[in-house]
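# Examination of the molecular architecture
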Amino acid sequence: MKNKNEAPVRKGHTNPGYFISEGFRSVFRHGLMSFAAAVIVLACLLIGGCFFMVIINANAIVTGLEQENKVIVYVDETYTEAEARSLGSRLNQIENVASCTFMTRKEALEQWISRQEDPELFAGTDASALRDRFYIVLGDITQMDSTLQSLREVEGVARVSAYMEMARGFAAVRNVLRVVTYGISAVLLVISVFIISNTVKLATFNRREEIAVMKTVGATNGFIRWPFVIQGLILGIISAVSAFALQWVVYDLAEKAIARSGLLEITTALPFMSFAYVLALGDLAVGVAVGVFGSVLAIGKYLKK
Amino acid sequence: MVRFLDVSKEYKSGTRALNGVSFTISDGEMAFLVGPSGSGKSTIIRLINGETKPTSGKIMVNGYNLTSLRRSDIPYMRRTLGVIFQDFRLLEKKTVYDNVAFAMRVIGAPRRHIAERVPYALELVGLTDCASRMPDELSGGEQQRVAIARALVNSPRMIIADEPTGNLDPARSVDIMRLLEKINSLGTTVMVVTHEKALVDSMSKRVIAIDSGCIVSDGTGGYFGYEE
C-alpha cells in the first residue's frame, strides 16, 4: 500500500460555519436549560431596561422643569377677587417679572374640572377651596431664586410655586433611582453571568469526551472555545432581542396608562423611539457581554488541562 | 523522534515518578515501553503529550523542545503525534467515518482533504466497509482499529499506543500489533506501552523497560531482554 503519510497540518483554517453550527447545536441539545438561561437573562435585562426608561424620563422631566420659567403666585384666600386682582400691579413691578396673568379661583376650578375624565362628577364643587392666582413668566431663569424671594415678600401672597422647585424634588428622586438602578443592575449582571456560565458548563460537561479527543489530536484552545462562546452569544442575543420587544410593549402600555391618569400634567412621557436605539444597543451589549463572559468562564477549566 | 535527556518528574504530592530518565526513539523506529504499574510509563506518555512538564531535564518531541514550549504551541506539537488508548475513546454518537473525520475537522483541515484522508485511513486499518456504522456495533478489536485510523488520519510522525491491547482477546491483540507494525513499516515512528509479555516477545523489537522511575533495560528482543 502506498504511504500517503505527509507532514501534519501546521495551522488550522478558521471555520466560522463549523463554530456557528456547533453553537446552535449546543443551544438546542440542552433546550430546556438554554430556555431557562435565556429567560433569566431576559428578566434581568427587562428589569434593568425598565429602570433605565424611568430614569431617562425622570431626566427629561427634570430638564424640562429646570428650563420652565413660569411661576404660580397664590393669593391669600381671605382676599376678595378685587383685592387679589389689585396685587397684579405690585407683582409686575418686581424685577425680572416679564408678564403676570390673573386667574380667579372659579376659573381655576373650571379649568381643573374640564381636565377630568368625567367633569359632571365635579359639578357644584365649591370654588372657595381654591385660591385666586397669578401666572407669572420670568425674564431671566437664572435669577429665579431672588425673584421668588421678592414675590413671597409681597403682602397678600400666600404661596409661590415654581416648576424649578419641583424640578429639584424630581432630581432628588431621580438620583435615588439612579443609585438603585446601578445596584440592581450589578446584581442582575452577576446572576446572568452565573446562569449562562452554568448552562455552558453543562454543555462542556456533556461534551467532555469530545473535548478530550479534540485536545489529544491537537485542536487549539480557540477552536475548542469558539462553539461554546457562540452558544453563550446566541443565548445573550435571544435574551436581548426578547427583552427589547417586551420593554417596548411595557413602555407603550405604561405611557398610555400615565396619559390617561393625568399624572404627567406638567410634562409628557418621552416617545419610545427617541431612546429606542440606546436601549436596543444597551440590551444587545449587555446580552452579548454576559453570554460571552459566562461562556469563557465555563470553558476555562477544560482549556487549562 | 523522541529524546529524553536526564528527565525527572516529581508531582506536587511529592511522588517522584521519574528519576533521571534518558532514551531516544529515532524517526521510523518501533519501540515498546514496558514496566510494572506505577513504574512511570504513564508519566512518560503525559510528558510526551505535553500534559505536564518535567521537573528537570530536557524533552524533544518531533523537533519541539517541550521544556521551553509555549502553551499556545502545544496543540501544534500534538498534531505530530497520534495517541491510542486502551479504552479506545471513540465518540459514541458519531459514525466510524465521523469519528475519524472529527480528528481532521478539529484541526481545521479542508473538506477535500478530509474526503481523501478518511477513506485512506479506514482502508489502512481494514474498516472500509464499516464507515457508516456506530462504534457500539463494532467488536473491541474493530473499535481499536477505528481509534488507530483516527490517530493516523492527520499523518502524525509518531504513534503512541497506551496499552492498545488491554481490552482485547489474544487473537485481536496480535492483529492490532501487526497493524501497528505495518504502520511503522510505512514510515511512522511507533511507541507501544504494554504489559503483554507474549506480544512483546513475539515482535522482536526494541524494548525499553522502566521500573521505579528509572530505565532498567533498553535493548532489542523480548520483554525481559534486560535480564539476558
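Treat the numbers as computed from the prediction; the structure is a model and nothing was measured. (Residues numbered from 1 in each chain as written. Chains lettered and ligands numbered in written order. Predicted model: local features only at pLDDT ≥ 70, side-chain atom pairs only at ≥ 80, totals over all residues. Heavy atoms only, no water.)

## Details of the overall build of chain B
Counting its secondary structure elements, chain B contains seven helices and 10 strands. Considering chain B as a whole, with its 228 residues, one finds that 57% of them fall into the buried category. A separation threshold of at least 6 residues defines the contact pool for chain B, and within that pool the share at least 24 residues apart is 67%. Carbon and sulfur atoms form 47% of the exposed surface of chain B, whose accessible area is close to 9300 Å². (Helix = DSSP H or I, 4+ residues; strand = E, 2+ residues; numbered from the N terminus. Buried < 20%, exposed > 50% of the residue type's maximum accessible area, 1.4 Å probe, protein only. Contact = heavy atoms within 4.5 Å. Areas by Shrake-Rupley, 256 points an atom, 1.4 Å probe, with all protein chains shown as cover.)

## Some points on the sheet that holds strand S10 (residues 214-221) of chain B
Residue and element names in this part refer to chain B. Ordered by their spatial adjacency, six strands build an open sheet running S6-S7-S8-S3-S9-S10, and the pairing between neighbours is mixed. Each having just a single partner strand, strand S6 (81-84) and S10 make up the two edges of the open sheet. In this sheet, adjacent strand axes meet at a mean angle of 15° when their direction is disregarded. Looking at chain direction, S6 and strand S7 (residues 158-162) are connected through four bridges and run parallel. In the strand pairing of S7, Val83 is matched with Ile160. Here helix H1 (residues 41-48) sits on the sheet in contact with strand S3 (30-34), S6, S7, strand S8 (189-193) and strand S9 (205-211), set at roughly 145° to S8. (Pairing = 2+ DSSP bridges. Axes fitted to C-alpha atoms, helices over the stretch in contact; angles between N-to-C directions.)

## Topic: a nonpolar patch on the surface
Residues and elements named next belong to chain A. Taken together, the side chains of Ile20, Phe24 and Phe28 present a nonpolar region at the surface, about 330 Å² in accessible area. Within the secondary structure layout, Phe28 lies in helix H1 (residues 16-29). Given the relative accessible area of 66%, Phe28 is considered exposed. (Patch = residues over 30% accessible without salt bridge, like charges linked within 9 Å, V, L, I, M, F, W, Y side chains within 5 Å. Salt bridge = Lys/Arg side-chain N within 4 Å of Asp/Glu carboxyl O.)

## Re the confidence of the model for chain A
When pLDDT is averaged across chain A, the result is 83; 91% of the residues are at 70 or more. Below pLDDT 50 for its whole length, residues 1-10 of chain A participates in 31 contacts with residues either more than four positions away or in separate chains. (pLDDT = per-residue confidence, 0-100.)

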